[in-house]
Amino acid sequence: QVQLVESGGGLVQAGGSLRLSCAASGSTFSRYVMGWFRQAPGKERELVAVISQSGGIIYYGDSVKGRFTISRDNAKNTVSLQMNSLKPEDTAVYYCAAANIPWNRSTVTRPNEYDSWGQGTQVTVSS
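Residues numbered from 1 in each chain as written. Predicted model: local features only at pLDDT ≥ 70, side-chain atom pairs only at ≥ 80, totals over all residues. Heavy atoms only, no water.

Novice: So what's going on with the state of the cysteines? Residues and values would help.
Specialist: Tallied over the entire structure, the rule returns one disulfide. Shown here is the disulfide that connects Cys22 with Cys96, its sulfur atoms set 2.1 Å apart. Disulfide Cys22-Cys96: the torsion about the S-S bond is -80°, which places it as left-handed. With Cys22 in strand E3 (residues 18–25) and Cys96 in strand E9 (residues 92–99), this pair connects stretches of sequence that are 74 residues apart. (Disulfide = S-S within 2.5 Å. Helix = DSSP H or I, 4+ residues; strand = E, 2+ residues; numbered from the N terminus.)

Novice: How would you summarise the nonpolar core if you had to cite specific residues and measurements?
Specialist: By size, the foremost hydrophobic cluster in this structure holds 29 residues, and its most contacted members are Met34, Trp36, Val79, Leu81, Met83 and Tyr94. Looking at this core, the elements that each hand over two or more residues are E3, strand E4 (33–39), strand E5 (46–51), strand E7 (68–73), strand E8 (78–83), E9 and strand E11 (121–126). Once you skip the residues sitting within four places of it in the chain, Tyr94 turns out to touch Glu6, Leu20, Trp36, Phe37, Arg38, Val48, Phe68, Leu81, Met83, Gly120, Thr121 and Val123. By size, the runner-up hydrophobic cluster in this structure holds nine residues, among which are Phe37, Leu47, Ala97 and Ile101. (Core = buried A, V, L, I, M, F, W, Y, C linked by side-chain atoms within 4.5 Å. Buried < 20%, exposed > 50% of the residue type's maximum accessible area, 1.4 Å probe, protein only. Contact = heavy atoms within 4.5 Å.)

Novice: With reference to specific residues and values, describe the pattern of salt bridges.
Specialist: Counting across every chain of the model gives five salt bridges. For the salt bridge of Arg38 with Asp90, the shortest nitrogen-to-oxygen distance reads 2.9 Å. With Arg38 in strand E4 and Asp90 in the loop between E8 and E9, this residue pair connects regions lying 52 residues apart in the sequence. Among the ionic contacts, a cluster of salt bridges with common partners joins Arg38, Glu46, Arg67 and Asp90. (Salt bridge = Lys/Arg side-chain N within 4 Å of Asp/Glu carboxyl O.)

Novice: Give me the lowdown on the pairing of E9, citing residues and values where you can.
Specialist: For E9, the tally of buried residues reaches seven of eight residues, placing the bulk of the element in the interior. Across seven bridges, E4 lies against E9 in antiparallel orientation. Each residue of the ladder has a partner; that of Val33, found in E9, is Ala99. Summarising the sheet, E9 and E11 pair through three bridges and their orientation is antiparallel. Across the sheet, residue Tyr94 finds its bridge partner in E11, namely Thr121. In terms of strand pairing, E9 meets strand E10 (residues 116–117) through two bridges, oriented antiparallel. Looking across to E10, one finds that Ala98 is bridged to Ser116. (Pairing = 2+ DSSP bridges.)

Structure, rendered in structure tokens:
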């Protein structure tokens, strides 16, 4: 399994931007589909964005399309999430996750397909 550590969360006003980073260690990073998920209090964990092993295929959750950008650097074992035009409803704990599975559009969006998770980083957007 790969170990994941997120950073970059914080408090920002609506309309602002944040960049989250996730550093991976312990295994071959380029084997893994990488995803960002989020969970707000009282709500289920939600897909934010997912990126294929090579970075060539990306999928975004409907609520963040056009505002968030996921990217990865396999040489540095990192995956990032650039979040622009933030809204109060983006407030949540954001998790980085890794799945050692083939890319399949119907499976990579499911949290239970991911076997490695970071500790989470809080993002709070004030109105």
